[in-house]
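# An overview of the molecular structure
Here's the letter readout for the chains.
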Amino acid sequence: MKTLEEKTLSKKAILNRKTIPFWVFNLFVLAFMYGWIWIHDQPSAEGVKQPLRTVLDKNEKFFNNWISNAHKAKSYSLSAAAKNVRVNGNLGLGNDFDPGTWALHVIKAKGDTVTLKLDDIKKLPKSEIIFDFKCIEGWSQVTHWGGVKLSDFMKAYNLNDEIAMNYIGMSTPDEEYYVGIDMPSALHPQTLLCYEMNGKPLPMNQGYPLRLIIPVKYGIKSLKRIGSIYFDNERPPDYWAERGYDYFSGL
Ligand SMILES: Nc1nc2c(c(=O)[nH]1)N[C@H]1C(S)=C(S)[C@@H](COP(=O)(O)O)O[C@H]1N2
Ligand SMILES: [Mo]
């Protein structure tokens, strides 16, 4: 025979077994309704509610990164590299340039500027690349470059808030030529802050002392003679994009 206490206990247990799933279900429905109402009450961005837009943007960033890192420009052997390297485009490479006063101005997200000399860049691990440099005008040439991966440079100088932004911009010291680059492409493992061509310091007409080499883009993005680097979530100005070329100019 069961005692009265035992009977009520088992009754309670049966009750719990039935009511717990019931309450879990109800809470789930309520949470879903609240979530739905909350999203519905949020402001929209580009026709999509902001919380959903954030998820979309995060996904886009992730996949852009993933795709761009997986996609590498073909690399060539040293013997394939041209000895007479073609020179194309001299905007921002005026004769009034004084190499002695050159510095790289890194304008950080908060607006403060870090000023670096070439040695500050050269002391970082060196990377080299031999690839088929493609100009949008139709020619291409296998060329050999040396410098620092832009991603290594940004990490070494703790540009973490800047890495999190959508774009990087660069311009010549006289601001005559300038480019904007999406951050995934800027952080691509083949993108270099380049100070050597064919194992020697960059020639003047190749952007001495420092140029960009970005093999996943057409040549228009490989800015010669970098004077300043800056960061933005919106597209920085781009010389050739302003003249009708594709902003991304990817390969
Ligand atoms: N400062 C500067 N960088 C520049 C240009 C320019 O006119 N000025 N032209 C671009 C273009 S269109 C190309 S194809 C490449 C050419 O690089 P190269 O001179 O090493 O061949 O540089 C790019 N970088
Ligand atoms: Mo070009």
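Everything numeric here is computed off the predicted structure, so don't read it as measured data. (Residues numbered from 1 in each chain as written. Chains lettered and ligands numbered in written order. Predicted model: local features only at pLDDT ≥ 70, side-chain atom pairs only at ≥ 80, totals over all residues. Heavy atoms only, no water.)

What follows covers the nonpolar core. Counting residues in hydrophobic clusters, the biggest one holds 36 residues, and the most contacted among them are Leu104, Phe153, Ile168 and Met170. Counting residues per element, the ones that place at least two in this core are β3 (104-107), α3 (118-122), α4 (150-156), β7 (167-171), β8 (178-182), α6 (183-186), β9 (192-197) and β12 (228-232). The residues touching leucine 104, leaving out its near neighbours within four places in the chain, are Val114, Thr115, Leu116, Ile121, Phe153, Leu210, Ile226, Gly227, Ser228 and Ile229. By size, the runner-up hydrophobic cluster in this structure holds 12 residues, among which are Val85, Trp145, Leu192 and Ile213. (Core = buried A, V, L, I, M, F, W, Y, C linked by side-chain atoms within 4.5 Å. Buried < 20%, exposed > 50% of the residue type's maximum accessible area, 1.4 Å probe, protein only. Helix = DSSP H or I, 4+ residues; strand = E, 2+ residues; numbered from the N terminus. Contact = heavy atoms within 4.5 Å.)

This part takes up the site of ligand 1. Neighbouring ligand 1 are 19 residues; Asn88, Leu91, Gln206, Arg211 and Lys224 lie closest to it. One of the side-chain nitrogen or oxygen atoms of lysine 224 is found 2.5 Å away from an oxygen atom of ligand 1. Coverage of ligand 1 by the protein chains reaches 97% of its 530 Å² of free accessible surface. When the residues that make up the shell around ligand 1 are grouped by side-chain class, the tally is nine nonpolar, seven polar and three charged. (Near = heavy atom within 4 Å. Polar contact = N/O pair within 3.5 Å; in protein donor to acceptor, adjacent residues only side chain to side chain. Areas by Shrake-Rupley, 256 points an atom, 1.4 Å probe, with all protein chains shown as cover. Nonpolar A, V, L, I, M, F, W, Y, C, P; charged D, E, K, R; others polar.)

What follows is about the pairing of β12. Within β12, four of the five residues are buried, leaving the element largely enclosed by the surrounding structure. Summarising the sheet, β3 and β12 pair through two bridges and their orientation is parallel. When the bridges of β12 are listed, valine 106 appears paired with isoleucine 229. Bridge count for β7 against β12 is five bridges, and the pairing is antiparallel. Paired with isoleucine 168 across the strands is phenylalanine 231, a residue of β12. (Pairing = 2+ DSSP bridges.)

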